Amino acid sequence: MTTDTRYTRADFQSGQEVKWCPGCGDYTILASVQNFLASLDIDREKHVFISGIGCASRFPYYVNTYGMHSIHGRAPAIATGVALADPDLTVWVITGDGDGLSIGGNHLIHALRRNVNLKILLFNNQIYGLTKGQYSPTSEAGKRTKTSPMGSLDHPFNPVSLALGAEATFVARTIDMDREHTTEMLQAAYEHKGTSFIEIYQNCNVFNDKAFQILTGRQEREANRIYLEAGKPIVFGKDNEMGVVVGIDGAQIVKVEDVGLDAIQIHDPARPSPGVAFALSRLAHGPSGPTPIGVFRQVERATYGDLMVSQIDDAKARNKATSISDLVQQHGTWTVE
Amino acid sequence: MQEETLSPPKPPEKRDRVVIRFAGDSGDGMQLAGTRFTESSAAFGNDLATFPDYPAEIRAPQGTLAGVSSFQVHIADWDILTHGDEADVLVAMNPAALKSNIRDVVAGGLILANEDAFDQRNLDKAGYESNPLTDGSLSNYHVMTAPMEKLTKLAVADSGVKGRSVLRSKNFFALGLISWMFNRPTEPIYEWVQKKFGEGTPVAEANIEAFRAGFNFGNTTEEFHHTYEILPAKLPAGTYTNITGNQALAWGLVAAAKSAGLTLFLGSYPITPATSILEEIARLKHFGVKTFQAEDEIAGVGVSLGAAFTGHLAVTTTSGPGVALKSETMSLALMTELPLILVDVQRAGPSTGLPTKVEQSDLMMALYGRHGEAPLPVLAPSSPSDAFAIAMEAARIALKYMTPVILLSDGYLANGAEPWRLPDFDDLPPIDIEHATEPNGPNGVFYPYARDEVTGARPWAIPGTPGLEHRVGGLEKEALTGNVSYDPDNHEMMTAARAAKVDGIANDIPDLEVFGADDADILVVSWGSTYGSVRAGVNNANKAGYSAAHVHLRHLNPFPKNLGDILARYDKVLVPELNLGQLTAVLRAKYLTPAVTLSKVQGAPFMANEVTKKIVDLLEDPS
Ligand SMILES: Cc1ncc(C[n+]2csc(CCOP(=O)(O)OP(=O)(O)O)c2C)c(N)n1
Ligand code: SF4
Ligand SMILES: [Mg+2]
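Definitions and cut-offs
Residues numbered from 1 in each chain as written. Chains lettered and ligands numbered in written order. Predicted model: local features only at pLDDT ≥ 70, side-chain atom pairs only at ≥ 80, totals over all residues. Heavy atoms only, no water. Donors = N, O, S within 2.8 Å, 3.2 Å for Na, K, Ca; no water. Helix = DSSP H or I, 4+ residues; strand = E, 2+ residues; numbered from the N terminus. Buried < 20%, exposed > 50% of the residue type's maximum accessible area, 1.4 Å probe, protein only. Near = heavy atom within 4 Å. Nonpolar A, V, L, I, M, F, W, Y, C, P; charged D, E, K, R; others polar. Pairing = 2+ DSSP bridges. Polar contact = N/O pair within 3.5 Å; in protein donor to acceptor, adjacent residues only side chain to side chain. Areas by Shrake-Rupley, 256 points an atom, 1.4 Å probe, with all protein chains shown as cover. Salt bridge = Lys/Arg side-chain N within 4 Å of Asp/Glu carboxyl O. Domains from an automatic or database assignment. Contact = heavy atoms within 4.5 Å. Buried area = accessible area lost by both parts, 1.4 Å probe. Axes fitted to C-alpha atoms, helices over the stretch in contact; angles between N-to-C directions. Parallel < 35°, antiparallel > 145°, perpendicular 65-115°, else oblique. Left-handed = near helix turned anticlockwise from the far one by under 90°. Phe/Tyr/Trp six-rings, centres within 6.5 Å; stacked < 30°, edge-to-face > 60°.

Notes on the coordination of the magnesium ion (ligand 3)
A metal bound by six donors in octahedral fashion has ideal angles of 90 or 180 degrees, whereas one bound by four tetrahedral donors has an ideal angle of 109.5 degrees.
All names here are of chain A.
Next up, step 1: Of the protein atoms, only Asp97 (OD), Asn125 (OD1) and Ile127 (O) coordinate the magnesium ion (ligand 3), at distances of 2.1 to 2.2 Å.
Next up, step 2: Each donor residue of the magnesium ion (ligand 3) lies on the same chain, and together they follow the pattern D-x27-N-x1-I. Taken together, the residues Asp97 in helix H3 (residues 97–103) and Asn125 in the loop between strand S4 (119–124) and helix H5 (159–165) connect sequence positions 28 residues apart.
Next up, step 3: Judged by relative accessible area, which is 2%, Asp97 ranks as buried.
Next up, step 4: A relative accessible area of 7% places Asn125 in the buried class.

Quick word on the site of ligand 2
Next up, step 1: Taken together, the neighbourhood of ligand 2 is formed by Trp20, Cys21, Cys24, Cys55, Asn125, Gly129, Gln202, Cys204, Asn205, Val206 and Phe207 of chain A.
Next up, step 2: For the shell around ligand 2, the per-class residue count stands at seven nonpolar, four polar and no charged.

Topic: the sheet that holds strand S8 (residues 235–236) of chain A
Residue and element names in this part refer to chain A.
Next up, step 1: In space, the three strands of this open sheet follow the order S8-S9-S10, with antiparallel pairing throughout. The sheet is open, and its two edges are formed by S8 and strand S10 (250–255), each paired on a single side.
Next up, step 2: Alignment of S8 against strand S9 (residues 242–247), held across two bridges, turns out to be antiparallel. Bridge assignment links Val235 to a residue of S9, and that residue is Gly243.

A word on the site of ligand 1
All names here are of chain A.
Next up, step 1: As a structural note, the neighbourhood of ligand 1 is formed by 17 residues, with Cys55, Asp97, Gly98, Asp99 and Leu130 the closest of them.
Next up, step 2: Residue Ala56 places a main-chain N or O atom 3.0 Å away from an oxygen atom belonging to ligand 1.
Next up, step 3: Ile127 has a polar backbone atom sitting 3.0 Å from an oxygen atom of ligand 1.
Next up, step 4: When ligand 1 is considered free in solution it has 590 Å² of accessible area, and contact with the protein chains removes 77% of it.
Next up, step 5: Considering every element that reaches the shell around ligand 1, the biggest residue donor is H3, with four residues.
Next up, step 6: Residues belonging to the shell around ligand 1 are distributed by class as follows: seven nonpolar, seven polar and three charged.

Overview of the pattern of salt bridges
All names here are of chain B.
Next up, step 1: According to the stated counting rule, one finds 27 salt bridges over all chains in the structure shown.
Next up, step 2: Asp104 is the salt-bridge partner of Arg21, the closest N and O atoms lying 3.0 Å from each other. With a gap of 83 residues between them, Arg21 in strand S2 (residues 17–25) and Asp104 in the loop between helix H2 (95–101) and strand S6 (105–114) connect regions that are remote in the sequence.
Next up, step 3: Overall, the relative accessible area of 8% leaves Arg21 in the buried class.
Next up, step 4: We classify Asp104 as buried; its relative accessible area is 18%.
Next up, step 5: Between Lys501 and Glu337 there is a salt bridge; the shortest N-O distance is 2.8 Å.

Concerning the domain arrangement of chain B
All names here are of chain B.
Next up, step 1: Looking at chain B, the domain boundaries give domain 1 (13–229), domain 2 (241–427), domain 3 (442–508) and domain 4 (522–620).
Next up, step 2: Between domain 2 and domain 4, the C-alpha centre-to-centre distance is 25 Å.
Next up, step 3: Taken together, the 29 residues of domain 2 in the interface contact 22 residues of domain 4.
Next up, step 4: Taken over both partners, the interface formed by domain 2 and domain 4 buries close to 2,100 Å², and the fraction arising from carbon and sulfur atoms is 60%.
Next up, step 5: It is Gln360, Leu363 and Ser382 that lose the most area in domain 2 upon contact with domain 4, and together they represent 31% of the buried surface on that side.
Next up, step 6: Summed over the shared surface of domain 2 and domain 4, the result is one salt bridge.
Next up, step 7: Summed over the shared surface of domain 2 and domain 4, the result is 13 residue pairs in polar contact (both at pLDDT 80 or more).

Structural notes on the interface of chain B and chain A
Next up, step 1: In this complex, chain B contributes 68 residues to the contact, which on the side of chain A involves 54 residues.
Next up, step 2: Summed over both partners, the interface of chain B with chain A buries about 5,100 Å², with 64% contributed by carbon and sulfur atoms.
Next up, step 3: Our count for the contact surface shared by chain B and chain A stands at two salt bridges.
Next up, step 4: The residue Glu295 of chain B makes a salt bridge to Arg114 of chain A at a minimum N-O spacing of 2.8 Å.

Quick notes on the sheet that holds strand S19 (residues 548–553) of chain B
Residue and element names in this part refer to chain B.
Next up, step 1: If you trace the four strands from one edge of the open sheet to the other, you get S19-S18-S21-S22, paired in parallel fashion. Each edge of the open sheet is held by one strand with a lone partner, namely S19 and strand S22 (596–599). For this sheet, the mean angle separating the axes of adjacent strands, direction not counted, is 25 degrees.
Next up, step 2: In the sheet, strand S21 (residues 572–577) pairs with S22 via four bridges, with the strands oriented parallel. Following the sheet pairing, Pro576 is matched in S22 by Leu598.

Notes on the packing of helix H2 (residues 75–85) of chain A against helix H10 (residues 297–309) of chain B
Next up, step 1: In the contact formed by H2 of chain A and H10 of chain B, the axes pass within 6 Å of each other and the chain directions differ by 45 degrees. In terms of their interaxial angle, H2 of chain A and H10 of chain B are classed as oblique. Note that H2 of chain A runs across H10 of chain B; the crossing there is right-handed. Taking contact as the criterion, the partners of Ala77, Ile78, Thr80, Gly81, Val82 and Ala85 of chain A in H2 of chain A are, on H10 of chain B, Ala299, Gly302, Val303, Leu305, Gly306, Ala307 and Phe309 of chain B.
Next up, step 2: When its residues are assigned to classes, the contact of H2 of chain A with H10 of chain B shows nine nonpolar, four polar and no charged.

Remarks on the packing of aromatic side chains
Next up, step 1: For the coordinates displayed, the defined rule picks out 24 aromatic pairs over all chains.
Next up, step 2: Here Trp20 of chain A and Tyr27 of chain A contribute two aromatic rings whose centre-to-centre distance is 5.6 Å and whose plane-to-plane angle is 80 degrees, an arrangement assigned as edge-to-face.
Next up, step 3: By relative accessible area, Tyr27 of chain A is classed as partly exposed at 30%.
Next up, step 4: Between Phe182 of chain B and Tyr228 of chain B, the ring centres sit 5.2 Å apart and the planes meet at 20 degrees, which makes this aromatic pair stacked. Here Phe182 of chain B is found in the loop between helix H5 (170–181) and helix H6 (187–197), whereas its partner Tyr228 of chain B is found in strand S8 (residues 228–229), with 46 residues between them in sequence. Per residue, the accessibility class of Phe182 of chain B equals that of Tyr228 of chain B, and both read buried.
Next up, step 5: Each residue in the set Trp20, Tyr27, Phe36, Phe49, Phe59, Tyr62, Trp92, Phe123 and Tyr190 of chain A is aromatic and connected to the rest through ring pairs, giving one cluster.

Written out as structure tokens, the structure is:
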């Protein structure tokens, strides 16, 4: 980070006691976000954090900006109101896999399709943390919890696939433990105009420990993290010996030497069609094997807020009759002497 | 047919009032005919009140009872209170319309039927065994018929409208005939048609020709040779417009935002009968208002709450089912103590109920339908035009006390129209608001939950204000700091403070004025849209020699401070309500008054005589 910024992390600490379980991935994400905010050259009061309900959603209480800890699932709607009321604000949504994809799934997809100026961080721990460990819409099928003693029957959502299906203009994935990558994703999301969606794999060490072990474990991570980088061939593994090809049947993992480097997919998040990004998102459902992280898609589309402002400006230019008396006159009146 | 006047026209018969009901199939354009008749009567200077009544289905099967749509308008040369208990004139475009409306026609009233529609098929569909126009069953009424379809076809032959569409203009034929009969000005109709359908377009031509044909039919047909005159009403001097409740409410919200110097933000999801408020405000973008059609009602109130947090005058509009969905967010708005107006245009429930019909059955939900101890101010307009004033009052209370407010309108007010004597719009009461800009605690600390000593309101510091960064949320707040607090004493104190803030609004609303004598034998208490029929019912009782007083509530929480004293003055208290007795239950619980209910849940407003009858029954009852 640059050193000549106005703020330090401490400026973004609210002073309220942080109450997550020791070892929770949420602490790491909080630190990444606070450091990132401090690195920016924008006034602290211009940030607003809106969250729903869940462990993740306690986040706004700990960040010394404007914020609202709202109700379960509704943060995207409330944040939409904030963003439309004042386009100068940077509005962040903090949500969990239950909050954002179960009770609040509807608001999430509608925010994404509208392209409201929001930065949505979905902390995916594949469990309901706050209510003590029930399966969530991202839990793997067959997951045994207290509410699914014989295994969950639900087929899980893949949040990145879902966001792409909703035609989100910015979709990324990162991992709590990888602070450098998290910061990179925050930066890209911050710069994007419109709705940015970042899925953050977050470890709940109490109710779903090691859910992302294959991406975070020292032994396993090299073989399983697929870093998506714009303009570069999608390769991974210790010596970049593995790669991804995309064809009619979607994305497939191959040995580079089997197909040759030229056959490997070059990553291009700016592709207008979300098809290839969607194919990449299907590589791992869980994650249960090699899993892409990074920016899947980043395209430009007019934001809802800008369109709203320009409609209002147009209307004002065309119609100057803006008193209640004008309205009534147009409606028709008569006079009684 | 044009020129051959059969006998010299008789001078019109003078009437001080008349009630006309247009009834037909939902596809027959009766709402339009009624609205146009209303507008030309308004332009003519009559006092008036309307009652549009239409089915939930856009097009129920043609010719059936379920598909009947009607529009009643009461016009008078004096200041009237209701749309009229019974119709003097019924325009029946088909047998089903006759059958479902005849019971509301006064004995000896005029029935004007479209004889072309009284064929066997339509008679069967309406369940008539024989043709009522000819079988003598309508001998208590004065029946007139016209071949409206045949004559409409002839009249529009040269308009360029072809095929089945020609019959679309038959409502204008009926309108023309009624306009002739009641000596209405024709110019406003022509102007409106040209504006609506485009000058000289085939549809405009067809409608105008059909209207003329109807008008001339009256003029040239011996049978119709009787017209009526209802002189302009001697209303108080002033400038008037004819307005529906939803329109007045929309304008009131816009006016409130202007008075407060705030941007109006409306988040909403379409639902009958509230939708037209969103539609009305959406077309006022040049006022700088922001409207947002959300993905559901929860999002509708959610975006509004976000806008409230960010300093806008935030509103969400809906009907009963939507209020249920918004309930959790209303509690959050209450907990975060942000100003927000929820408009509930009530309809008959539960569930989808009778979605286009009136009821006042959401009162308990408005007062108590939230989790936790969650009191909110509740207001209700008493007539279509009062919706303007009540919208401003809702905004005043929400902003001054930093609280969500519920405004209970209903489907009758929403669609019904009345002349509105315009206030001086340059002289509307200002709504003073102040956003916090400076820390209010020691050492530059900002206390988001410090309360104003008089109102109990907390400061409204909006995002973007330097130095006042703070968090709000659903968890209990520590007094002053607003930090999360699980302290039991703090929770009790904050619960009491939130309730006291709402109760304290009673000091800031006008005392009730009782209509009638302090020593009357009975007090009638009403709220919301029943004002007109209840006042008319009380008037009738007094004219008949009884002694009744009336008080009408616009503030339902808190109640005006003198309500308890007023109730205590009367031995008998009657509460007419379009529900099973919700206000009655609240009054009995709060004031231990022996109030009884006059209940009606038929999807229709009260008739004045229903109120009168109940007053008389209670006063004749020796107990
Ligand atoms: C309306 C409502 N329903 C249910 C709850 C209970 N509840 C609180 S958090 C939660 C699940 C949270 O899961 P997630 O979003 O994954 O957050 P995490 O705790 O895992 O961070 C539930 C069911 C609630 N607070 N409100
Ligand atoms: S329950 Fe899990 S997600 Fe919640 S704070 Fe504890 S470790 Fe973190
Ligand atoms: Mg979770």
